[in-house]
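Close look at the chain arrangement
If you want the building blocks of each chain, they are given just below.
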Amino acid sequence: ISVEVGGHTRVFTVARDISDRRRIEEERRALISRLVTVQEEQRHRIANDIHDDSIQTMFGVGIRLHLLRTMLVDGEQLRVVSNLEATVDQAIGRLRHLIFELRPTALDHDGLVPALRLYLDQMRTESGIEFDLQSLLSAEPPAEPRVTLYRLAQEALVNVRKHAQAHRVRVSLDDHKGGISVRIQDDGRGFHMSRANTPVPGHLGMAAMRERARMAGGWVEVDSAMNRGTTVEFWIPLPALEERNVA
Ligand SMILES: Nc1ncnc2c1ncn2[C@@H]1O[C@H](COP(=O)(O)OP(=O)(O)OP(=O)(O)O)[C@@H](O)[C@H]1O
Ligand SMILES: [Mg+2]
């Protein structure tokens, strides 16, 4: 680099910086998008394995324990086996809960809004956060955008549960510009917006949300202020009707 053509050198440096930054940004996006895809595949696989293997096995153990109990007369032995049976039941319950987190069957069987209602119900039971769920959707979205919408909502709701210290969360769904928009509004402590826009190492949730929405051709908007709650809104386009009939 010649110092004599200082002006040119500076232009060259800036251009290189920008292309470096763009490349890094592209790589970051590609990685997050890979992460989101792999995560969804893994969740599916793990949920199926737990369902077909672990729960079936535990179920078998439960049945044998029950048989064993019918053969016993000794009070102490009966007590031990009863406790074991209760432990197995608890373990099955926890596995079912895990499957529910990984991939709620309600999403496939009953649809987006019922699955969200179940999730919010569970969240209320576990953390006491009240909810309003309002849907103005005219139809059930097809499978792919349905999963995307559910995952985005789940990620936002995990944040409400983890960070917001909220009393209530409002979830509303609406048809919007050929797609579906979802708004998730909590009355919690809020946070500085600088944190929502600059990726923080180790905190992937928001970045993954944006990437997931972008992959589906949609967007995510976050609005928050200290002590004024947080609103997360996202929109995912739906395939046109004729495309859906072909699929
Ligand atoms: N609803 C909310 N209320 C208050 N603070 C929030 C809310 N949502 C996000 N935040 C803040 O924004 C930060 C970034 O959220 P993000 O989901 O990206 O990461 P995380 O939840 O900390 O980690 P991860 O999602 O990777 O488990 C959080 O650490 C939290 O400080
Ligand atoms: Mg998070």
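Below is a summary of the structure that appears in this document. Everything numeric in this text was worked out from a predicted model, so none of it was measured. (Residues numbered from 1 in each chain as written. Chains lettered and ligands numbered in written order. Predicted model: local features only at pLDDT ≥ 70, side-chain atom pairs only at ≥ 80, totals over all residues. Heavy atoms only, no water.)

**Notes on the pattern of salt bridges**
The criterion, for reference: Salt bridges are defined by distance alone: a side-chain nitrogen of Lys or Arg within 4 Å of a carboxyl oxygen of Asp or Glu. Every helix listed is a DSSP run of H or I at least four residues long, and every strand listed is a run of E at least two residues long, numbered separately from the N terminus. Between buried and exposed lies partly exposed: a residue is buried under 20% and exposed over 50% of the maximum accessible area for its type, with that area taken using a 1.4 Å probe on protein chains only.
Counted under the stated rule, the structure contains 17 salt bridges. With a shortest N-O distance of 3.1 Å, Asp132 and Arg168 are connected by a salt bridge. Remark: Arg168 occurs in strand 2 (residues 168-176) and Asp132 occurs in strand 1 (residues 130-135); sequence separation between them is 36 residues. Its relative accessible area of 30% is what places Arg168 among the partly exposed residues. Ionic pairing is found between Glu140 and Arg146, a salt bridge with its closest N-O pair at 3.0 Å. The exposure class of Glu140 is partly exposed, given its relative accessible area of 37%. When its relative accessible area of 13% is taken as the criterion, Arg146 is described as buried.

**As for the sheet that holds strand 5 (residues 230-237)**
We apply this condition: Criterion used throughout: strands pair if DSSP finds at least two bridges between them. Convention adopted: a line fitted to C-alpha atoms gives each axis, helices being fitted over their contacting stretch, and angles between N-to-C directions are expressed from 0 to 180 degrees. Any two residues whose heavy atoms approach within 4.5 Å are treated as being in contact.
In space, the five strands of this open sheet follow the order 1-2-3-5-4, with mixed pairing throughout. At either margin of the open sheet sits one strand with a lone partner, and together these are strand 1 and strand 4 (219-224). Pairs of neighbouring strands in the sheet enclose a mean axial angle of 10°, with direction left out of account. This element, helix 5 (residues 143-164), spans strand 2, strand 3 (179-186) and strand 5 of the sheet and lies at about 170° to strand 5. Along the sheet, helix 7 (residues 205-215) contacts strand 4 and strand 5; its crossing angle with strand 4, the most-contacted strand, is approximately 145°.

**Structural notes on the site of ligand 1**
Quick reminder of the rule: Here a residue counts as near a molecule or strand whenever at least one of its heavy atoms sits within 4 Å of it. Each polar contact in these results corresponds to two N or O atoms within 3.5 Å; when the atoms are within protein, one needs to be able to donate a hydrogen and the other to accept it, and residues that are neighboring in sequence are counted only if both atoms are side-chain atoms. Areas reported here follow the Shrake-Rupley algorithm with a probe of radius 1.4 Å; residue values treat only the protein chains shown as occluding.
In the vicinity of ligand 1 there are 16 residues, among which Asn159, Lys162, His163, His203 and Leu204 approach most closely. His203 places a side-chain nitrogen or oxygen 2.4 Å from an oxygen atom of ligand 1. In this structure, Leu204 approaches ligand 1 through a main-chain N or O atom, which is 2.7 Å from an oxygen atom. Taken by itself ligand 1 offers 600 Å² of open surface, and the protein chains cover 87% of this. The element that contributes the greatest number of residues to the shell around ligand 1 is helix 5, accounting for six residues.

**Considerations on the pairing of strand 2**
Let me state the cut-off plainly: Look down the strands so they point away from you; if going from the first strand over the helix to the second traces a clockwise path, that crossover is right-handed.
Pairing analysis gives six bridges linking strand 1 to strand 2, with the strands arranged parallel. From the neighbouring strand, Asp132 faces strand 2, where its bridge partner is Arg170. Regarding topology, helix 5 serves as the crossover connection from strand 1 to the parallel strand 2, and that connection is left-handed. Where strand 2 and strand 3 come together, eight bridges link them in antiparallel fashion. Looking across to strand 3, one finds that Leu173 is bridged to Val182. Linking strand 2 back to strand 3 in an antiparallel pair, the connection comprises two residues, with Lys177 at a positive phi of about 45°.

**Re the pairing of strand 5**
Counted residue by residue, strand 5 has six buried out of eight residues, so it is predominantly covered. The pairing of strand 3 with strand 5 spans eight bridges and is antiparallel. In the sheet register, Ser181 faces strand 5, and the bridge partner there is Trp235. Strand direction decides the pairing type here: strand 4 and strand 5, joined by six bridges, are antiparallel. Bridged to Trp219 within strand 5 is Trp235. Linking strand 4 to strand 5, which pair antiparallel, is a turn of five residues; within it Asn227 sits at a positive phi near 60°.

**What to know about the nonpolar core**
What counts here: Think of a nonpolar core as a cluster: buried Ala, Val, Leu, Ile, Met, Phe, Trp, Tyr and Cys residues, connected wherever their side-chain atoms sit within 4.5 Å.
One finds Val169, Val171, Leu173, Ile184 and Phe234 to be the most contacted residues of the largest nonpolar core, which totals 39 residues. Of all the elements, helix 5 adds the most residues to this core, at nine residues. Setting aside chain neighbours within four positions, we find Val169 in contact with Leu120, Met123, Ile129, Glu130, Phe131, Asp132, Leu157, Val160, Ile184, Gln185 and Asp186.

**Brief notes about a nonpolar patch on the surface**
Filter applied, for reference: Here, patches come from residues exposed beyond 30% relative accessible area and free of salt bridges, joined within 9 Å for like charges and within 5 Å for nonpolar side chains (Val, Leu, Ile, Met, Phe, Trp, Tyr).
On the surface, Phe59, Ile63, Leu67, Leu68 and Met71 cluster together to form a nonpolar patch covering roughly 510 Å² of accessible area. For Ile63, the position within the fold is in helix 1 (residues 6-71). A residue is classified by how much of its surface remains accessible, and Ile63, at 49% relative accessible area, is partly exposed.

**Points about the packing of helix 2 (residues 75-102) against helix 4 (residues 112-127)**
What counts here: Oblique is the label for any angle not under 35 degrees, not over 145, and not in the 65 to 115 range, which are roughly parallel, roughly antiparallel and roughly perpendicular in turn. By convention the crossing between two helices is left-handed if the near helix lies anticlockwise of the far one by an angle smaller than a right angle, and right-handed if it lies clockwise. Lys, Arg, Asp and Glu make up the charged group, whereas Ala, Val, Leu, Ile, Met, Phe, Trp, Tyr, Cys and Pro make up the nonpolar group; the residues left over, Gly among them, are polar.
Taken N-terminus to C-terminus, the directions of helix 2 and helix 4 make an angle of 130°; their axes are 11 Å apart at the nearest point. The pairing of helix 2 with helix 4 is recorded here as oblique in orientation. Our pair here, helix 2 against helix 4, has a crossing hand that is left-handed. Contact with helix 2, carried on its side by His97, Phe100 and Glu101, involves Leu118, Tyr119, Gln122 and Glu126 of helix 4 and no other residues of that element. Class assignment for the residues of the contact of helix 2 with helix 4 results in three nonpolar, two polar and two charged.

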